[in-house]
Amino acid sequence: MHTHILPVGLYSANCILLWGDPSSAWVIDPGADAQGILAALKREGLRVGAVVLTHAHFDHISALSGVLAEHPAPVYLHKADEPFAFSPLNQMPPYTSTPRPPTLDTSKGDGDTIACGGLTATILHTPGHTPGSWCLHFAAHDLLITGDTLFNGSIGRTDFPGGSAPQMDASLRRLKTLPDALRVIAGHGAETTMGAEKRNNPYLAN
């Protein structure tokens with residue numbers, strides 16, 4: 001597996017490119033700067049096979065239309081985030097609302113898998129930051145993509161509409177059961193490992 005992380009937009013959301021087969025790469029959270037994402041795909045010689053949204057906040061989805069214009073592909077989002085994802089409510093200047101993609105797939109849920117280009121991720125539904133937040137566990141590659149559920153040394157906010165502190169607590173308890181060796185790429189900030197978060201992240205102390 002190859003990974004390329006691009007912090008994009010005003011809030012430096014991590015757009016993550018993953019691939020084994022370069023003809024079927026993953027784009028996770030195309031949050032802004034469609035041209036920058038497209039340029040990175042071109043530099044790496046990649047075609048997109050799947051776009052996965054860890055959750056629906058505007059800073060993680062706003063470049064979706066621009067990427068799909070050159071790389072039509074299925075877009076995966078948890079159904080609990082669909083009601084607000086493409087709504088005018090989901091915007092904050094300079095971000096505007098994102099059109100609903102024609103290839104949106106909201107059929108996947110907890111325990112299901114997404115497979116593309118020889119890579120397979122198991123979905124872990126981890127509500128708290130948003131109702132439909134999920135993490136992607138690539139067990140064969142010791143990788144966990146956490147979106148805005150878990151950061152290096154912190155967690156996602158729960159005070160936005162749809163957020164829930166009790167749900168976040170339950171989601172974090174679930175993540176604490178995963179192996180220490182997992183590489184963790186979050187929705188913002190630096191990489192970490194599950195073991196480092198268990199030792200150092202105060203939100204995982206209980």
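For the structure, see preceding data.
All values reported here derive from a predicted model rather than from experimental measurement.

What counts and what doesn't
Residues numbered from 1 in each chain as written. Predicted model: local features only at pLDDT ≥ 70, side-chain atom pairs only at ≥ 80, totals over all residues. Heavy atoms only, no water. Core = buried A, V, L, I, M, F, W, Y, C linked by side-chain atoms within 4.5 Å. Buried < 20%, exposed > 50% of the residue type's maximum accessible area, 1.4 Å probe, protein only. Helix = DSSP H or I, 4+ residues; strand = E, 2+ residues; numbered from the N terminus. Contact = heavy atoms within 4.5 Å. Arc of directions from axis to C-beta. Polar contact = N/O pair within 3.5 Å; in protein donor to acceptor, adjacent residues only side chain to side chain. Pairing = 2+ DSSP bridges.

A.B. asks: Looking at this model, I keep getting lost on the nonpolar core. Mind explaining?
C.D. replies: Taken as a class, soluble globular proteins show a tendency for nonpolar side chains to be buried jointly. Counting residues in hydrophobic clusters, the biggest one holds 31 residues, and the most contacted among them are L17, I37, L41 and V51. At five residues, the largest contribution of residues to this core is made by helix α1 (residues 34-44). For I37, the contacting residues outside a window of four places in its chain are L6, V8, C15, L17, P30, A32, A63 and V67. In this structure, L18, V52, Y76 and W134 belong to the second largest nonpolar core, which totals 18 residues.

A.B. asks: Can you walk me through helix α5 (residues 165-175) in this structure?
C.D. replies: In an α-helix, one full turn covers 3.6 residues, which means residues spaced three or four apart are oriented alike. Within α5, the full set of buried residues consists of M168, S171, L172 and L175. With its buried residues spanning 100 degrees around the axis, α5 presents them on a single face. Residues of α5 that are exposed and angled more than 90 degrees away from the buried face: P166 and R173. Contact partners of the buried residues in α5: β8 (119-125), β9 (134-138), β10 (143-147), β11 (150-151), β12 (154-155) and α6 (194-200). Capping of α5 at its N-terminal end is provided by S164; its side-chain oxygen lies 3.1 Å from the backbone amide nitrogen of Q167.

A.B. asks: Mind showing me how you'd approach the sheet that holds β10 here?
C.D. replies: Picture the strands of a sheet paired through backbone hydrogen bonds; they go either parallel or antiparallel. Read from one edge of the open sheet, six strands run β7-β8-β9-β10-β13-β14, paired in mixed fashion. Of all the strands in the sheet, just β7 (113-116) and β14 (192-193) have a single pairing partner and so form its edges. Direction of pairing for β7 relative to β8: antiparallel, over a ladder of four bridges. Each bridged residue has a counterpart across the sheet, and for T113 the counterpart in β8 is T122.

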